[in-house]
Amino acid sequence: MKILIVDDEPGLASGLAQWLVENGWDTPGVAVSSGEAMEWANQNGRVDVLVSDVVLPESDGFTLRETLVARFPKMKTIFISGYDLSEHAGRMEGGLFLPKPVTGEALDDAIRRLFEPVAEPPHQAPEAVPIVPQAVAETAAAPRPVAVAVTAPKAVAVAKAAAPRVAVSPPKASPAPKVVPAAAPKATPVSASKAAPRPVPAAAPKTAHPPGPLHVAVPGSEKELPPDELVGTTVGNYRIEARIGQASQGPIYRALQTNMARQ
């Protein structure tokens with residue numbers, strides 16, 4: 001940001017510039033007349049903030065501002081003076097004013113205020129107030145649909161009247177379930193005789209295939225084969241102790257039936 005401080009008191013301009021630099025601002029330009037100010041603006045090609053006394057050699061601060069704004073339309077201005085400038089309010093419009101003596105803190109605050117977001121005018125909020133009475137007036141008309149709601153009980157009454165008619169039909173279907181249990185006891189003797197063969201076909205496929213070569217030793221003298229992932233695990237009531245053989249359908253294990261304590 002390019003800041004230019006113009007004051008016919010060199011000590012004041014340079015003192016304010018030094019304070020701004022020590023507090024994080026870019027080095028401001030310093031001039032003691034409007035001519036020096038124009039020369040600095042030509043060399044730097046831009047002025048973002050003009051801090052100018054009103055009474056200057058060659059030209060006043062108002063004229064200096066108007067000349068620079070013609071070249072830099074976005075330039076902000078802070079006027080400083082030890083005089084009452086109320087009669088020049090029109091030429092100060094859009095800028096800020098700091099009475100002398102000016103401190104570095106006051107100038108820092110003024111520069112920051114120049115770039116603060118412009119808040120919306122507070123008078124805009126009351127404009128929304130008239131909408132509230134309109135909304136209230138619309139809700140006042142809401143009771144009209146109440147007359148429609150009165151017809152709802154008629155529909156309820158029809159539903160209550162129709163309910164007994166629907167309830168008559170279930171007793172007609174009640175004899176059907178009575179026939180089903182009667183047939184079940186008659187089929188019980190037959191199912192008992194048919195239930196016996198069921199385990200036979202279920203077990204037959206498992207043993208129907210001709211067994212392959214089985215290598216199993218006599219209990220107590222078997223040779224244990226290298227263990228696999230099942231050795232040491234428990235399957236149901238059986239704790240697998242060792243792998244002792246190999247059949248066509250898988251390995252053979254020795255296990256302890258834990259619920260009866262037998263191998």
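Residues numbered from 1 in each chain as written. Predicted model: local features only at pLDDT ≥ 70, side-chain atom pairs only at ≥ 80, totals over all residues. Heavy atoms only, no water.

> Explain the packing of aromatic side chains here, please?
Aromatic rings considered in pairs are described by the distance between their centres and by the relative angle of their planes. Evaluation of the coordinates by the stated rule reveals one aromatic pair. The interplanar angle of 65° and the centroid separation of 5.2 Å between the aromatic rings of Phe62 and Phe79 together place this pair among those described as edge-to-face. Of this pair, Phe62 sits in helix H3 (residues 61-71) while Phe79 sits in strand E4 (residues 76-81), and the two are 17 residues apart along the sequence. (Phe/Tyr/Trp six-rings, centres within 6.5 Å; stacked < 30°, edge-to-face > 60°. Helix = DSSP H or I, 4+ residues; strand = E, 2+ residues; numbered from the N terminus.)

> I keep staring at the pairing of strand E8 (residues 250-257) and nothing clicks. Help me out?
As defined by bridge partners, strand E7 (residues 238-247) adjoins E8 across eight bridges and the pair is classed as antiparallel. What sits directly across from Ala247, in E8, is Gly250. (Pairing = 2+ DSSP bridges.)

> Looking at this structure, how should I read the packing of helix H1 (residues 10-22) against helix H4 (residues 104-114)?
For any two helices packed against each other, one specifies the crossing angle of their axes together with the interaxial distance. Where H1 contacts H4, the axes come no closer than 9 Å and their chain directions differ by 65°. As far as their axial angle goes, H4 and H1 are roughly perpendicular. Once H1 is placed against H4, the crossing between them reads as right-handed. Mapping the contact onto sequence places Leu16, Trp19 and Leu20 in H1 and Gly104, Glu105, Leu107, Asp108 and Ile111 in H4. Broken down by class, the residue content of the contact of H1 with H4 amounts to five nonpolar, one polar and two charged. (Axes fitted to C-alpha atoms, helices over the stretch in contact; angles between N-to-C directions. Parallel < 35°, antiparallel > 145°, perpendicular 65-115°, else oblique. Left-handed = near helix turned anticlockwise from the far one by under 90°. Contact = heavy atoms within 4.5 Å. Nonpolar A, V, L, I, M, F, W, Y, C, P; charged D, E, K, R; others polar.)

> Explain the pattern of salt bridges here, please?
A side chain with one charge may pair with a side chain of the opposite charge, provided their charged atoms come close. By the definition in use, this model includes nine salt bridges. Here Lys100 makes a salt bridge to Glu9, at a shortest N to O gap of 3.7 Å. Of this pair, Lys100 sits in the loop between strand E5 (96-99) and H4 while Glu9 sits in the loop between strand E1 (3-6) and H1, and the two are 91 residues apart along the sequence. On the basis of relative accessible area, Lys100 is assigned to the partly exposed category, the value being 24%. Overall, Glu9 belongs to the partly exposed group, its relative accessible area being 42%. Here Arg254 makes a salt bridge to Glu224, at a shortest N to O gap of 3.0 Å. Of the two residues, Arg254 sits in strand E8 while Glu224 sits in the loop between helix H10 (199-208) and strand E6 (234-235), which places them 30 residues apart along the sequence. By relative accessible area, which is 17% here, Arg254 ends up buried. (Salt bridge = Lys/Arg side-chain N within 4 Å of Asp/Glu carboxyl O. Buried < 20%, exposed > 50% of the residue type's maximum accessible area, 1.4 Å probe, protein only.)

> Is there a simple way to think about the packing of helix H2 (residues 34-44) against H3 in this case?
Where H2 meets H3, the closest approach of the two axes is 11 Å, and the angle between their N-to-C directions is 15°. With respect to each other, H2 and H3 are oriented roughly parallel. In terms of crossing hand, the pair formed by H2 and H3 is right-handed. On the side of H2, the interface is formed by Ser34, Ala37, Met38, Ala41 and Asn42, while H3 contributes Leu64, Thr67, Leu68 and Arg71.

> Looking at this model, I keep getting lost on the environment of Leu64. Mind explaining?
Tracing the sequence through the fold places Leu64 in helix H3. On the accessibility criterion, Leu64 (3% relative accessible area) is buried. Counting along the chain gives 26 residues from Leu64 to Met38, while the straight-line C-alpha distance between them is 8.1 Å. For Leu64, the residues in contact, after removing those within four places along its chain, are Val6, Ser34, Ala37, Met38, Leu50, Ser52, Leu56 and Ser59.

> Which parts of the structure should I look at to understand the sheet that holds E5?
Across a sheet, paired strands are connected by hydrogen bonds in the backbone, their directions being either parallel or antiparallel. What the five strands build is an open sheet, ordered E2-E1-E3-E4-E5; its pairing is parallel. At either end of the open sheet lies a strand with only one pairing partner, and these are strand E2 (29-31) and E5. Neighbour-to-neighbour, the strand axes of the sheet open up by a mean angle of 15°, direction not taken into account. Sheet analysis places E1 next to strand E3 (residues 49-53), joined by four bridges and oriented parallel. Bridge pairing in E3 links Val6 to Ser52. Lying on the sheet, H1 is in contact with E1, E2 and E4; it crosses E1 at an angle near 155°.

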